[in-house]
Amino acid sequence: MLCPCGSEKTYEKCCKVYIEEGKKVPNVELLMRSRYTAFALKNAKYILETNYRQKVSDKEIKLLEREFDTVEWLQLYVIDSTKNEVEFKAYFRDFDEKLHVLHEHSHFVFEDGKWYYRDGVIFKSKIERNELCPCGSGKKYKKCCG
């Protein structure tokens with residue numbers, strides 16, 4: 001299986017080492033990619049563990065897991081990455097079968113030898129008519145799901 005993060009590597013050679021095997025994530029872009037993969041694979045525990053100063057409890061995990069059934073993550077596009085920030089677009093399908101894009105500029109913190117997601121600024125954004133449809137059809141959005 002290709003890794004959902006868009007690296008073109010298999011999941012086993014990409015995000016699995018961080019999500020399931022506990023290897024330390026060396027930089028913010030890989031943390032963001034592994035977090036996206038955790039959302040796509042519905043791994044609430046990893047998402048919460050990589051939030052800065054997030055309380056990880058069974059209650060918090062269950063709350064996040066309930067939200068997983070409302071979206072299907074389709075594609076990730078990293079726009080830019082610096083030492084402690086990443087700008088990306090994440091495409092998803094909601095419970096009404098409509099396609100959307102989450103465009104965020106995320107901020108990360110390095111503490112106790114680990115990177116954590118701190119917060120992000122979300123931009124108002126839409127899927128452009130002439131970009132490839134995030135559903136994976138290979139067609140332009142306007143000729144497919146748009």
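Going by the structure above, here's the rest.
Because the structure is predicted, anything quoted here is derived from the model rather than measured.

How each quantity is defined
As a convention, each chain's residues are numbered from 1 in the sequence order in which they are written. For a predicted model such as this one, the threshold for reporting local features is a pLDDT of at least 70, and the threshold for listing and counting side-chain atom pairs is 80 or more; totals across whole chains, interfaces and linings nevertheless cover every residue. Only hydrogens and water are removed before side-chain values are computed, so all heavy atoms of the structure are retained for them. Pairing of aromatic rings covers Phe, Tyr and the six-membered ring of Trp, with a centre-to-centre limit of 6.5 Å; geometry is then stacked below 30 degrees between planes, edge-to-face above 60, and tilted otherwise. In this text, helices come from DSSP runs of H or I with a minimum length of four residues, and strands from runs of E with a minimum of two, each type numbered from the N-terminal end. Accessible area is worked out with a 1.4 Å probe on protein chains only. A residue is then buried under 20% of its type maximum, exposed over 50%, and partly exposed in between. DSSP calls a pair of strands paired once it identifies at least 2 bridges connecting them. Among buried residues, those of type Ala, Val, Leu, Ile, Met, Phe, Trp, Tyr and Cys that are joined through side-chain atoms within 4.5 Å constitute a nonpolar core. The contact definition used throughout considers only heavy atoms, calling two residues in contact when any of these lie within 4.5 Å.

A.B. asks: What is the right way to read the packing of aromatic side chains from this model?
C.D. replies: When we look at a pair of aromatic rings, we describe it by the centre distance and by the angle of the planes. For the coordinates displayed, the defined rule picks out seven aromatic pairs. Ring plane angle 50° and centroid distance 5.1 Å describe the contact between Trp-73 and Phe-92, whose orientation is recorded as tilted. With Trp-73 in strand β1 (residues 71–81) and Phe-92 in strand β2 (residues 85–94), the pair connects residues that are 19 residues apart, well separated along the chain. Pairing Phe-108 with Tyr-117 gives two aromatic rings, centres 5.8 Å apart and planes at 75°, and the pair type is edge-to-face. We note that Phe-108, like Tyr-117, is buried.

A.B. asks: Explain the environment of Arg-66 here, please?
C.D. replies: Looking at where Arg-66 falls in the secondary structure, it is placed in helix α4 (residues 58–68). For Arg-66, a relative accessible area of 58% corresponds to the exposed category. Residues Arg-66 and Ala-44, 22 residues apart in the sequence, show an inter-C-alpha distance of 9.7 Å.

A.B. asks: So what exactly am I meant to see when it comes to unusual backbone geometry here?
C.D. replies: Only a minority of non-glycine residues have a phi that is not negative, and only a minority of peptide bonds are not trans. Backbone geometry at Glu-97 places phi at a positive 70°, although glycine is not the residue there. In this structure, Glu-97 sits in the loop between β2 and β3 (99–111). Even without being a glycine, Asp-112 presents a positive backbone phi close to 55°. Mapping Asp-112 onto the fold places it in the loop between β3 and β4 (114–123).

A.B. asks: Where do I start with the pairing of β2 in this structure?
C.D. replies: Every regular strand shows the same layout, with side chains that alternate between the two sheet faces. For β2, the tally of buried residues reaches nine of 10 residues, placing the bulk of the element in the interior. Where β1 folds back onto β2 in an antiparallel hairpin, the turn is made up of three residues. Of the strand pairs in this sheet, β2 and β3 are connected by nine bridges, and their pairing is antiparallel. From the neighbouring strand, Ala-90 faces β3, where its bridge partner is Leu-102. Hairpin geometry of β2 and β3 is characterised by an intervening segment of four residues between the two adjacent antiparallel strands and by a positive phi of about 70° at Glu-97.

A.B. asks: Honestly, the nonpolar core in this entry has me stumped. Any pointers?
C.D. replies: Soluble globular proteins: nonpolar side chains tend toward being buried together. Cys-15, Met-32, Tyr-46, Leu-76, Val-86 and Phe-108 are the most contacted members of the largest nonpolar core, which totals 29 residues. Of all the elements in the fold, those that place two or more residues in this core are α1 (16–19), α2 (28–40), α3 (44–49), α4, β1, β2 and β4. A per-element tally of this core places α2 first, with five residues. Each residue touching Phe-108, except ones within four places of it in the same chain, is listed here: Val-28, Leu-31, Met-32, Asn-84, Glu-85, Val-86, Trp-115, Tyr-116, Tyr-117 and Arg-118.

A.B. asks: Which parts of the structure should I look at to understand the side chain of Ser-106?
C.D. replies: By the element assignment, Ser-106 lies in strand β3. When sequence neighbours within four positions are dropped, the list of residues in contact with Ser-106 reads Asn-84, Glu-85, Val-86, Phe-88, Tyr-117, Asp-119 and Gly-120.

A.B. asks: Before we go on, may I ask you to explain the environment of Lys-126 in this structure?
C.D. replies: Along the chain, Lys-126 turns up in the segment after β4. For Lys-126, a relative accessible area of 59% puts it in the exposed group. Separated by 26 residues in sequence, Lys-126 and His-100 have C-alpha atoms that sit 6.8 Å apart. In this structure Lys-126 touches Val-101 and Glu-131, once residues within four positions along its chain are discounted.

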